[in-house]
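Geometric and topological summary
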Amino acid sequence: MAKPRVHEIASELGIDSKLAMMTLKSMGQFVKGPSSSIEPPVARRLREALIANGYSHPPFPALEGDGAKLALGFATALPRRLPNLIDFLMQDARPGPVTDVMVHAAADRWFFYVPGRAHEAIKSKAHLITSFNEEALPTPSGIVIMTQPLIGAAVPPARLIAWVVEPARLLIASMTLSANRAGNRLGVARMRPQTFDQGADGYTARGDLSAQLLAALWSVVPERIPSTAKTGNRAAMPRTAGVPSEETQVIYATRVIFGAGTGARNGEGRARTGRWNVRGHSRNQWQPSTQDHKRIWIEEHTAGAAEGELKHRDKVYLIAPLIKREDN
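Description of the structure in this document. (Residues numbered from 1 in each chain as written. Predicted model: local features only at pLDDT ≥ 70, side-chain atom pairs only at ≥ 80, totals over all residues. Heavy atoms only, no water.)

Description of the packing of aromatic side chains
For the structure shown, the criterion picks out six aromatic pairs. What links up through ring pairs into an aromatic cluster is the set W110, F112, W163 and Y317. (Phe/Tyr/Trp six-rings, centres within 6.5 Å; stacked < 30°, edge-to-face > 60°.)

Concerning the layout of surface pockets
Space inside the second largest pocket adds up to approximately 750 Å³. Lining the second largest pocket are 25 residues, and of these I15, D16, S178, G187 and A189 sit closest to its centre. When contributions to the lining of the second largest pocket are tallied by element, the ones reaching two or more residues are α1 (6–13), α2 (17–26), β5 (169–179) and β6 (186–197). The element contributing the most residues to the lining of the second largest pocket is β6, with six residues. Here the residues of the lining of the second largest pocket are counted per class, giving 11 nonpolar, eight polar and six charged. (1 Å grid on protein atoms, 1.4 Å probe; cavity = no way out; pocket = protein on both sides within 12 Å on 5 of 7 lines; lining within 4 Å. Points joined across faces, edges and corners; volume = space filled by probe spheres on them. Helix = DSSP H or I, 4+ residues; strand = E, 2+ residues; numbered from the N terminus. Nonpolar A, V, L, I, M, F, W, Y, C, P; charged D, E, K, R; others polar.)

Thoughts on the packing of helix α5 (residues 82–91) against helix α6 (residues 97–106)
Where α5 contacts α6, the two axes come as close as 11 Å, and the packing angle between them is 140°. Of the possible angle classes, the one that applies to α5 and α6 is oblique. The chirality of how α5 crosses α6 is left-handed. Contacts between α5 and α6 involve I86, L89 and M90 on the former and, on the latter, M102, V103 and A106. Residues belonging to the contact of α5 with α6 are distributed by class as follows: six nonpolar, no polar and no charged. (Axes fitted to C-alpha atoms, helices over the stretch in contact; angles between N-to-C directions. Parallel < 35°, antiparallel > 145°, perpendicular 65-115°, else oblique. Left-handed = near helix turned anticlockwise from the far one by under 90°. Contact = heavy atoms within 4.5 Å.)

Some words on the pairing of strand β14 (residues 314–318)
The element β14 is extensively covered by neighbouring structure, given that four of its five residues are classed as buried. Summarising the sheet, strand β1 (residues 111–114) and β14 pair through three bridges and their orientation is parallel. Each residue of the ladder has a partner; that of F112, found in β14, is Y317. As paired elements, strand β8 (residues 248–252) and β14 share five bridges and run parallel to each other. Within β14, the position partnered with T248 by the bridge is D314. (Buried < 20%, exposed > 50% of the residue type's maximum accessible area, 1.4 Å probe, protein only. Pairing = 2+ DSSP bridges.)

What follows is the structure in structure tokens.
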């Protein structure tokens, strides 16, 4: 029987060769490099170890050939094409715990995007979080892509986190998105499904960066957009390129927008002639019994004129502690 090479097994499972080498080292097997051959029994145990840790065959077959190039185009046009990227990933995904969480997380169409300029601010808060509860999450389910600052890269490395809150537990699936060295295809690696059981102090996040980052999102959402920036200021949004924009609205996330702020406007506003689906969202509800506000969840419903046309438009919420103007 031919001895497989380390990089062949890594390619088979859709992971980086360095991860396969690290796993071999943890098994007490040492190799010189990705081109090293290993005995068939060792290769079998390596595959089993990687699969047990959540690494298996690539769950997204479309990320091969032309599909990888199309995915790269979506990633280049983030955040506006974030819904398209998620839908593309799930289009022909193989069954598995990672894709199961993603499918459920995307069902409610809650999409969030963290630009590179906010990465360090959120990461610094995340390291301080040891446990959190459901109120620390912006929504009970959703998908966020957090990009890392990287000068000179067409598509900076990004962490995708999908989450779903179920009775007494939280499901999280995370993965890494990155362009290959040639810069002509997008790859997905380091996929990891997790289940967090709810305890007396909520969900334990100590030592788990994905859970900590997820718990830190809501903590950096401001009350309002700073007065130095105006709604619709394109300079405040990451530039898009590569793929033409579709009907996706990018919104700077604030607590007022989510109905959780203290300064939401009152009044009827302008008349609406259409109908639209209102997704489930949080709202600060006044409680006469306690003379205080309590954050409650409003279920999905349809609003607007009874006879109006029902319109659907995906939204992506941009999460960043500050808005900084950029030179054109």
